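# Geometric and topological summary
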Amino acid sequence: MDGHYGDSTRSVKASGAPAVAGEPVTPPPVPAAAYHLSVDEAAPIDFYGRASNPTWRRLESALAELEGATSACAFGSGMAAITSTLRVLLRPGMKLVVPADGYYQTRRYATESLAPLGITIVEAVADGMCAAAADADVVLAESPVNPTLDVVDLHRLASVCRGRGSVLVVDNTAATPFGQRPLSLGADLVVASATKGLSGHSDLVLGYVAGSRPDLMAGVERERLLAGAILGPFEAWLALRSLGTAGLRVDRQCQNAMAVALMLRGHPAARGVRYPGLPQDPAHEVATIQMKRYGGLVAVELADAAAVHALVERSDLLVAATSFGGIHTSVDRRARWGDPVSPGFARLSMGIEDTDDLLADIEEALG
Ligand SMILES: *Cc1c(COP(=O)(O)O)cnc(C)c1O
(Lines give C-alpha, C1' and ligand atoms only; values in the text may rest on other atoms or scores of the structure.)
Protein backbone atom coordinates (compact mmCIF):
# COMPACT_ATOMS: atom_id res chain seq x y z
CA MET A 1 0.00 0.00 0.00
CA ASP A 2 2.38 2.66 1.30
CA GLY A 3 5.41 0.48 0.64
CA HIS A 4 7.60 3.25 -0.74
CA TYR A 5 7.41 5.30 2.46
CA GLY A 6 9.76 5.10 5.44
CA ASP A 7 8.53 3.58 8.68
CA SER A 8 7.70 6.81 10.50
CA THR A 9 5.74 8.11 7.52
CA ARG A 10 3.86 4.83 7.37
CA SER A 11 3.08 4.85 11.09
CA VAL A 12 1.84 8.46 10.96
CA LYS A 13 -0.31 7.69 7.93
CA ALA A 14 -1.57 4.42 9.36
CA SER A 15 -2.61 6.01 12.66
CA GLY A 16 -4.59 8.75 10.90
CA ALA A 17 -8.05 8.66 9.34
CA PRO A 18 -9.35 9.35 5.81
CA ALA A 19 -9.68 13.08 5.08
CA VAL A 20 -13.32 14.12 5.42
CA ALA A 21 -13.99 17.87 5.59
CA GLY A 22 -15.33 18.88 8.99
CA GLU A 23 -14.35 15.58 10.64
CA PRO A 24 -11.55 15.50 13.24
CA VAL A 25 -8.06 14.72 11.97
CA THR A 26 -7.83 12.12 14.72
CA PRO A 27 -11.28 10.65 15.33
CA PRO A 28 -12.40 9.98 18.90
CA PRO A 29 -12.93 6.45 20.23
CA VAL A 30 -16.33 4.84 19.78
CA PRO A 31 -17.37 3.35 23.11
CA ALA A 32 -20.38 1.20 22.28
CA ALA A 33 -21.79 -2.10 23.47
CA ALA A 34 -24.92 -2.10 21.29
CA TYR A 35 -25.75 -0.47 17.95
CA HIS A 36 -29.11 0.34 16.34
CA LEU A 37 -30.46 -2.47 14.21
CA SER A 38 -32.65 -2.07 11.12
CA VAL A 39 -36.17 -3.45 10.73
CA ASP A 40 -35.17 -5.49 7.66
CA GLU A 41 -32.81 -7.45 9.97
CA ALA A 42 -29.83 -7.12 7.62
CA ALA A 43 -26.78 -7.28 9.91
CA PRO A 44 -24.89 -3.98 10.07
CA ILE A 45 -21.08 -4.10 10.30
CA ASP A 46 -21.30 -3.16 13.95
CA PHE A 47 -24.05 -4.62 16.11
CA TYR A 48 -22.41 -5.67 19.39
CA GLY A 49 -19.26 -4.56 21.22
CA ARG A 50 -17.67 -8.01 21.61
CA ALA A 51 -17.98 -8.68 17.87
CA SER A 52 -16.54 -5.50 16.36
CA ASN A 53 -15.77 -1.84 16.93
CA PRO A 54 -14.87 1.04 14.57
CA THR A 55 -11.87 2.08 16.72
CA TRP A 56 -10.54 -1.49 16.67
CA ARG A 57 -10.80 -1.46 12.89
CA ARG A 58 -8.68 1.69 12.65
CA LEU A 59 -6.06 0.18 14.96
CA GLU A 60 -6.14 -3.14 13.12
CA SER A 61 -5.64 -1.59 9.71
CA ALA A 62 -2.67 0.38 11.11
CA LEU A 63 -1.14 -2.78 12.61
CA ALA A 64 -1.74 -4.76 9.40
CA GLU A 65 -0.11 -1.99 7.38
CA LEU A 66 2.96 -1.94 9.66
CA GLU A 67 3.35 -5.74 9.69
CA GLY A 68 2.81 -6.02 5.93
CA ALA A 69 -0.28 -8.19 6.56
CA THR A 70 -3.68 -8.37 4.88
CA SER A 71 -5.41 -8.09 8.23
CA ALA A 72 -4.85 -7.85 11.97
CA CYS A 73 -6.96 -8.74 14.98
CA ALA A 74 -6.52 -6.79 18.22
CA PHE A 75 -6.80 -8.46 21.64
CA GLY A 76 -6.94 -7.36 25.26
CA SER A 77 -3.32 -8.47 25.90
CA GLY A 78 -0.38 -10.10 24.18
CA MET A 79 -1.15 -13.35 25.98
CA ALA A 80 -4.76 -13.23 24.74
CA ALA A 81 -3.44 -12.91 21.18
CA ILE A 82 -0.97 -15.79 21.66
CA THR A 83 -3.28 -18.19 23.47
CA SER A 84 -6.21 -17.52 21.09
CA THR A 85 -3.95 -18.25 18.12
CA LEU A 86 -2.71 -21.50 19.66
CA ARG A 87 -6.26 -22.62 20.42
CA VAL A 88 -7.23 -22.02 16.79
CA LEU A 89 -4.27 -23.96 15.40
CA LEU A 90 -3.98 -26.94 17.76
CA ARG A 91 -5.98 -30.16 18.12
CA PRO A 92 -5.36 -33.11 20.48
CA GLY A 93 -2.49 -35.27 19.25
CA MET A 94 -0.61 -32.39 17.65
CA LYS A 95 2.90 -31.27 18.52
CA LEU A 96 3.72 -27.64 19.42
CA VAL A 97 7.22 -26.15 19.66
CA VAL A 98 7.65 -23.20 22.04
CA PRO A 99 10.79 -21.23 22.98
CA ALA A 100 12.65 -22.69 25.98
CA ASP A 101 14.49 -19.38 26.42
CA GLY A 102 11.66 -16.98 25.52
CA TYR A 103 8.76 -15.30 27.27
CA TYR A 104 8.04 -17.51 30.28
CA GLN A 105 4.28 -17.20 30.39
CA THR A 106 3.89 -18.57 26.86
CA ARG A 107 5.77 -21.70 28.00
CA ARG A 108 3.62 -21.89 31.11
CA TYR A 109 0.38 -21.68 29.13
CA ALA A 110 1.61 -24.48 26.87
CA THR A 111 2.50 -26.81 29.74
CA GLU A 112 -0.32 -25.88 32.13
CA SER A 113 -3.24 -25.47 29.71
CA LEU A 114 -2.41 -27.16 26.38
CA ALA A 115 -0.50 -30.29 27.47
CA PRO A 116 -3.48 -31.58 29.52
CA LEU A 117 -5.61 -31.38 26.33
CA GLY A 118 -3.38 -33.97 24.64
CA ILE A 119 -1.01 -31.61 22.85
CA THR A 120 2.68 -32.53 22.95
CA ILE A 121 4.83 -29.57 24.00
CA VAL A 122 8.46 -29.38 22.90
CA GLU A 123 10.67 -26.60 24.27
CA ALA A 124 13.60 -25.46 22.13
CA VAL A 125 16.19 -22.71 22.47
CA ALA A 126 16.76 -20.30 19.56
CA ASP A 127 19.49 -22.49 18.06
CA GLY A 128 17.40 -25.66 18.30
CA MET A 129 14.20 -24.29 16.72
CA CYS A 130 14.80 -25.68 13.22
CA ALA A 131 15.62 -29.18 14.52
CA ALA A 132 12.59 -29.21 16.82
CA ALA A 133 10.35 -27.96 13.98
CA ALA A 134 11.19 -30.97 11.81
CA ASP A 135 8.26 -33.04 13.16
CA ALA A 136 6.01 -30.36 14.68
CA ASP A 137 2.53 -29.23 13.63
CA VAL A 138 2.75 -25.70 15.00
CA VAL A 139 5.91 -23.74 15.79
CA LEU A 140 5.85 -20.62 17.94
CA ALA A 141 9.16 -18.76 17.65
CA GLU A 142 10.38 -15.58 19.26
CA SER A 143 13.15 -13.40 17.84
CA PRO A 144 15.02 -11.67 19.33
CA VAL A 145 14.34 -13.97 22.26
CA ASN A 146 13.07 -12.21 25.38
CA PRO A 147 15.18 -11.96 27.56
CA THR A 148 18.40 -13.56 26.22
CA LEU A 149 18.31 -11.57 22.94
CA ASP A 150 19.44 -14.56 20.93
CA VAL A 151 18.12 -14.53 17.37
CA VAL A 152 16.26 -17.25 15.43
CA ASP A 153 16.98 -17.58 11.70
CA LEU A 154 13.36 -16.99 10.70
CA HIS A 155 13.84 -17.52 6.98
CA ARG A 156 15.38 -20.93 7.58
CA LEU A 157 12.76 -21.87 10.15
CA ALA A 158 9.99 -20.84 7.74
CA SER A 159 11.38 -23.12 5.03
CA VAL A 160 11.51 -26.06 7.48
CA CYS A 161 7.86 -25.41 8.40
CA ARG A 162 6.80 -24.98 4.80
CA GLY A 163 8.53 -28.25 3.86
CA ARG A 164 6.54 -30.10 6.51
CA GLY A 165 3.26 -28.21 6.04
CA SER A 166 3.28 -26.92 9.61
CA VAL A 167 2.26 -23.45 10.75
CA LEU A 168 4.89 -20.93 11.84
CA VAL A 169 3.80 -18.27 14.31
CA VAL A 170 6.34 -15.58 15.24
CA ASP A 171 6.13 -13.47 18.39
CA ASN A 172 7.27 -10.06 17.14
CA THR A 173 7.02 -8.26 20.49
CA ALA A 174 10.71 -7.53 21.06
CA ALA A 175 11.51 -6.41 17.51
CA THR A 176 8.21 -4.63 16.67
CA PRO A 177 7.34 -4.24 12.97
CA PHE A 178 9.88 -1.40 12.87
CA GLY A 179 12.59 -3.97 13.60
CA GLN A 180 11.46 -6.87 11.42
CA ARG A 181 8.51 -8.17 9.44
CA PRO A 182 8.24 -11.92 10.06
CA LEU A 183 5.52 -12.37 7.43
CA SER A 184 7.93 -11.23 4.73
CA LEU A 185 10.42 -13.84 6.03
CA GLY A 186 7.87 -16.63 5.59
CA ALA A 187 5.91 -16.74 8.87
CA ASP A 188 2.21 -17.62 8.63
CA LEU A 189 1.11 -15.43 11.52
CA VAL A 190 2.59 -12.72 13.72
CA VAL A 191 1.51 -12.51 17.34
CA ALA A 192 2.65 -9.70 19.62
CA SER A 193 2.19 -7.76 22.78
CA ALA A 194 1.63 -4.12 21.86
CA THR A 195 1.93 -3.42 25.59
CA LYS A 196 5.66 -2.95 24.97
CA GLY A 197 7.30 -0.79 22.30
CA LEU A 198 4.31 -0.14 20.07
CA SER A 199 2.20 1.58 22.73
CA GLY A 200 5.45 2.62 24.37
CA HIS A 201 4.37 4.53 27.49
CA SER A 202 4.03 1.73 30.08
CA ASP A 203 0.35 2.53 30.54
CA LEU A 204 -1.55 0.17 28.23
CA VAL A 205 -2.01 -3.59 27.91
CA LEU A 206 -3.00 -5.03 24.53
CA GLY A 207 -1.95 -7.49 21.84
CA TYR A 208 -2.61 -8.45 18.23
CA VAL A 209 -2.39 -11.15 15.61
CA ALA A 210 -1.50 -10.24 12.03
CA GLY A 211 -1.44 -12.35 8.89
CA SER A 212 -2.34 -12.72 5.25
CA ARG A 213 -3.95 -16.18 5.26
CA PRO A 214 -7.74 -15.58 5.30
CA ASP A 215 -8.45 -19.07 6.74
CA LEU A 216 -6.18 -18.51 9.74
CA MET A 217 -7.24 -14.91 10.36
CA ALA A 218 -10.94 -15.85 10.18
CA GLY A 219 -10.29 -18.53 12.82
CA VAL A 220 -8.52 -16.02 15.06
CA GLU A 221 -11.35 -13.49 14.77
CA ARG A 222 -13.93 -16.21 15.48
CA GLU A 223 -11.96 -17.24 18.59
CA ARG A 224 -11.93 -13.64 19.80
CA LEU A 225 -15.70 -13.40 19.33
CA LEU A 226 -16.42 -16.66 21.15
CA ALA A 227 -13.73 -16.54 23.87
CA GLY A 228 -14.17 -12.79 24.29
CA ALA A 229 -10.59 -11.66 24.98
CA ILE A 230 -11.28 -8.20 23.54
CA LEU A 231 -9.74 -4.84 24.29
CA GLY A 232 -11.72 -1.71 25.16
CA PRO A 233 -12.28 0.99 22.50
CA PHE A 234 -10.49 3.55 24.67
CA GLU A 235 -7.37 1.35 24.82
CA ALA A 236 -7.54 0.89 21.05
CA TRP A 237 -7.69 4.67 20.67
CA LEU A 238 -4.71 5.23 23.00
CA ALA A 239 -2.74 2.61 21.07
CA LEU A 240 -3.50 4.42 17.80
CA ARG A 241 -2.31 7.64 19.40
CA SER A 242 0.94 5.88 20.36
CA LEU A 243 1.48 4.33 16.93
CA GLY A 244 1.92 7.70 15.27
CA THR A 245 5.06 8.41 17.31
CA ALA A 246 6.31 4.81 17.52
CA GLY A 247 8.83 5.29 14.70
CA LEU A 248 10.45 8.21 16.55
CA ARG A 249 10.59 6.35 19.85
CA VAL A 250 11.96 3.14 18.37
CA ASP A 251 14.71 5.02 16.54
CA ARG A 252 15.87 6.73 19.76
CA GLN A 253 15.61 3.48 21.70
CA CYS A 254 17.77 1.69 19.11
CA GLN A 255 20.31 4.50 19.18
CA ASN A 256 20.46 4.35 22.99
CA ALA A 257 20.71 0.55 22.96
CA MET A 258 23.69 0.55 20.60
CA ALA A 259 25.51 3.21 22.65
CA VAL A 260 24.83 1.47 25.97
CA ALA A 261 25.77 -1.97 24.60
CA LEU A 262 29.09 -0.61 23.32
CA MET A 263 29.80 1.10 26.66
CA LEU A 264 28.91 -2.05 28.64
CA ARG A 265 31.18 -4.22 26.49
CA GLY A 266 34.12 -2.14 27.62
CA HIS A 267 33.09 -1.98 31.28
CA PRO A 268 34.85 -4.25 33.81
CA ALA A 269 31.65 -4.77 35.88
CA ALA A 270 29.68 -6.10 32.90
CA ARG A 271 29.87 -9.57 31.35
CA GLY A 272 27.84 -11.40 28.73
CA VAL A 273 26.57 -8.29 26.95
CA ARG A 274 24.08 -9.24 24.25
CA TYR A 275 22.74 -6.85 21.62
CA PRO A 276 22.06 -8.08 18.08
CA GLY A 277 23.39 -4.79 16.72
CA LEU A 278 26.88 -5.33 18.15
CA PRO A 279 29.18 -6.55 15.36
CA GLN A 280 30.75 -9.01 17.85
CA ASP A 281 27.40 -10.48 18.91
CA PRO A 282 26.98 -14.16 17.94
CA ALA A 283 23.56 -13.33 16.45
CA HIS A 284 24.71 -10.25 14.53
CA GLU A 285 24.98 -11.86 11.11
CA VAL A 286 21.50 -13.40 11.08
CA ALA A 287 20.05 -10.30 12.75
CA THR A 288 21.51 -8.09 10.03
CA ILE A 289 19.91 -10.20 7.32
CA GLN A 290 16.43 -10.28 8.82
CA MET A 291 16.17 -7.11 10.92
CA LYS A 292 15.83 -3.52 9.86
CA ARG A 293 16.53 -2.19 13.36
CA TYR A 294 18.09 -4.13 16.23
CA GLY A 295 15.68 -2.96 18.93
CA GLY A 296 15.82 -1.25 22.29
CA LEU A 297 16.72 -4.20 24.56
CA VAL A 298 20.20 -4.94 25.88
CA ALA A 299 21.08 -7.96 28.03
CA VAL A 300 23.96 -7.88 30.51
CA GLU A 301 25.28 -10.03 33.35
CA LEU A 302 26.49 -8.27 36.47
CA ALA A 303 28.23 -10.03 39.39
CA ASP A 304 25.06 -10.95 41.28
CA ALA A 305 21.55 -9.80 42.27
CA ALA A 306 22.98 -7.19 44.64
CA ALA A 307 24.94 -5.61 41.79
CA VAL A 308 21.73 -5.16 39.75
CA HIS A 309 19.97 -3.58 42.73
CA ALA A 310 22.97 -1.29 43.36
CA LEU A 311 22.93 -0.18 39.71
CA VAL A 312 19.32 0.97 40.03
CA GLU A 313 19.86 2.61 43.40
CA ARG A 314 22.91 4.59 42.30
CA SER A 315 21.31 5.69 39.02
CA ASP A 316 19.24 8.82 38.58
CA LEU A 317 17.59 7.70 35.32
CA LEU A 318 17.05 3.94 35.52
CA VAL A 319 13.76 2.63 36.85
CA ALA A 320 13.34 -0.90 38.19
CA ALA A 321 10.37 -2.32 36.31
CA THR A 322 9.34 -5.31 34.28
CA SER A 323 7.89 -5.04 30.78
CA PHE A 324 9.83 -2.98 28.22
CA GLY A 325 9.59 -0.58 25.31
CA GLY A 326 8.49 2.44 27.36
CA ILE A 327 9.92 5.95 27.29
CA HIS A 328 11.84 5.45 30.57
CA THR A 329 14.97 3.30 30.54
CA SER A 330 14.24 0.35 32.81
CA VAL A 331 16.05 -2.59 34.37
CA ASP A 332 14.55 -6.00 35.06
CA ARG A 333 16.47 -8.70 36.94
CA ARG A 334 14.95 -11.64 35.11
CA ALA A 335 15.89 -14.40 37.59
CA ARG A 336 13.30 -12.96 39.97
CA TRP A 337 10.60 -14.20 37.55
CA GLY A 338 12.17 -17.64 37.20
CA ASP A 339 13.80 -17.16 33.78
CA PRO A 340 16.67 -19.64 33.27
CA VAL A 341 19.39 -16.96 33.58
CA SER A 342 22.05 -16.10 36.19
CA PRO A 343 21.09 -14.04 39.31
CA GLY A 344 22.98 -10.99 37.99
CA PHE A 345 21.35 -11.10 34.53
CA ALA A 346 19.59 -7.81 33.77
CA ARG A 347 17.46 -6.92 30.78
CA LEU A 348 17.81 -3.21 30.05
CA SER A 349 15.00 -1.58 28.11
CA MET A 350 16.09 1.66 26.53
CA GLY A 351 13.91 4.70 26.89
CA ILE A 352 14.05 7.88 24.85
CA GLU A 353 16.31 9.94 27.14
CA ASP A 354 19.24 11.78 25.52
CA THR A 355 21.92 9.24 24.71
CA ASP A 356 24.77 11.13 26.40
CA ASP A 357 22.79 11.54 29.63
CA LEU A 358 21.95 7.86 29.72
CA LEU A 359 25.50 6.75 29.01
CA ALA A 360 26.95 8.99 31.71
CA ASP A 361 24.30 7.92 34.23
CA ILE A 362 24.74 4.17 33.70
CA GLU A 363 28.53 4.38 33.64
CA GLU A 364 28.57 6.26 36.92
CA ALA A 365 25.99 3.93 38.53
CA LEU A 366 28.02 0.86 37.59
CA GLY A 367 30.86 2.26 39.72
C1 LIG B 1 5.14 -9.24 27.33
C2 LIG B 1 5.25 -10.31 26.32
C3 LIG B 1 4.15 -11.11 26.01
C4 LIG B 1 2.83 -10.99 26.73
O5 LIG B 1 2.19 -9.78 26.46
P6 LIG B 1 1.11 -9.11 27.46
O7 LIG B 1 0.67 -7.90 26.72
O8 LIG B 1 1.81 -8.85 28.75
O9 LIG B 1 0.02 -10.12 27.64
C10 LIG B 1 4.31 -12.07 25.02
N11 LIG B 1 5.48 -12.24 24.39
C12 LIG B 1 6.56 -11.51 24.67
C13 LIG B 1 7.83 -11.75 23.93
C14 LIG B 1 6.48 -10.52 25.65
O15 LIG B 1 7.57 -9.79 25.93
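Everything numeric here is computed off the predicted structure, so don't read it as measured data. (Residues numbered from 1 in each chain as written. Predicted model: local features only at pLDDT ≥ 70, side-chain atom pairs only at ≥ 80, totals over all residues. Heavy atoms only, no water.)

### As for the domain arrangement of the protein
Taken domain by domain, the protein holds domain 1 (7–243) and domain 2 (246–366). For domain 1 versus domain 2, the distance between C-alpha centres works out to 26 Å. Each partner contributes residues to the interface: domain 1 has 37 residues there, and domain 2 has 28 residues. Roughly 2,600 Å² is buried in total at the junction of domain 1 and domain 2, and carbon and sulfur atoms are behind 56% of that figure. Among the residues domain 1 hides against domain 2, the three largest losses belong to Pro-147, Leu-149 and Phe-178. Together they make up 23% of the total. For the pair domain 1 and domain 2, the interface holds three salt bridges. Linking Asp-150 and Arg-274 is a salt bridge whose minimum nitrogen-to-oxygen distance equals 3.2 Å. (Domains from an automatic or database assignment. Contact = heavy atoms within 4.5 Å. Buried area = accessible area lost by both parts, 1.4 Å probe. Salt bridge = Lys/Arg side-chain N within 4 Å of Asp/Glu carboxyl O.)

### Some words on the UniProt feature "modified residue: N6-(pyridoxal phosphate)lysine" (unreviewed entry) in the protein
This chain's UniProt record puts "modified residue: N6-(pyridoxal phosphate)lysine" (unreviewed entry) on Lys-196. Counting through the fold element by element, Lys-196 comes out in the loop between β6 (189–193) and β7 (207–211). With residues near it in sequence (within four places) discarded, Lys-196 still touches Thr-173, Ser-323, Phe-324 and Gly-325. (UniProt positions renumbered as here; feature names shortened; annotations may be inferred. Helix = DSSP H or I, 4+ residues; strand = E, 2+ residues; numbered from the N terminus.)

### What about a nonpolar patch on the surface?
A cluster of nonpolar side chains, Leu-37, Phe-47 and Tyr-48, forms an exposed patch at the surface whose accessible area comes to about 330 Å². By the secondary structure assignment, Leu-37 is in the loop between α1 (7–15) and α2 (54–67). (Patch = residues over 30% accessible without salt bridge, like charges linked within 9 Å, V, L, I, M, F, W, Y side chains within 5 Å. Areas by Shrake-Rupley, 256 points an atom, 1.4 Å probe, with all protein chains shown as cover.)

### Here's the deal with the environment of Gly-367
Locating Gly-367 in the fold gives a position in the segment after α12 (355–366). Along the backbone, Gly-367 and Ser-323 are 44 residues apart, and their C-alpha atoms lie at a distance of 26 Å. Every residue in contact with Gly-367, bar those within four places of it in the chain, is listed here: His-267 and Arg-314.

### Topic: the packing of α2 against helix α9 (residues 233–265)
Relative orientation of the contacting elements α2 and α9 amounts to 35 degrees, with a least axis distance of 8 Å. Two packed elements cross with a definite hand, and for α2 against α9 that hand is left-handed. The residues of α9 that touch α2, namely those facing Thr-55, Trp-56, Arg-58, Leu-59, Ala-62, Leu-63 and Leu-66, are Pro-233, Ala-236, Trp-237, Ala-239, Leu-240 and Leu-243. Considering only residue class, the contact of α2 with α9 consists of 11 nonpolar, one polar and one charged. (Axes fitted to C-alpha atoms, helices over the stretch in contact; angles between N-to-C directions. Left-handed = near helix turned anticlockwise from the far one by under 90°. Nonpolar A, V, L, I, M, F, W, Y, C, P; charged D, E, K, R; others polar.)

### Here we look at the packing of aromatic side chains
Taken as a whole and assessed by the stated rule, the structure comprises three aromatic pairs. Note on Phe-234 and Trp-237: the rings are 5.6 Å apart at their centroids and 25 degrees apart in plane angle, and the pair reads as stacked. You can see Phe-234 and its partner Trp-237 sitting in helix α9, three residues apart, about one turn around the helix. Here the aromatic rings of Tyr-275 and Tyr-294 are separated by 6.4 Å at their centres, their planes lie at 70 degrees, and the arrangement is edge-to-face. With Tyr-275 in the loop between β8 (271–274) and α10 (284–290) and Tyr-294 in the loop between α10 and β9 (297–301), the pair connects residues that are 19 residues apart, well separated along the chain. Sitting over the ring of Tyr-103, Lys-196 keeps its end group 5.3 Å from the ring centre. Stacked on the ring of Trp-337, the Lys or Arg Arg-336 has its end atom at 5.3 Å from the ring centre. (Phe/Tyr/Trp six-rings, centres within 6.5 Å; stacked < 30°, edge-to-face > 60°. Lys NZ or Arg CZ within 6 Å of the ring centre and 35° of its normal.)

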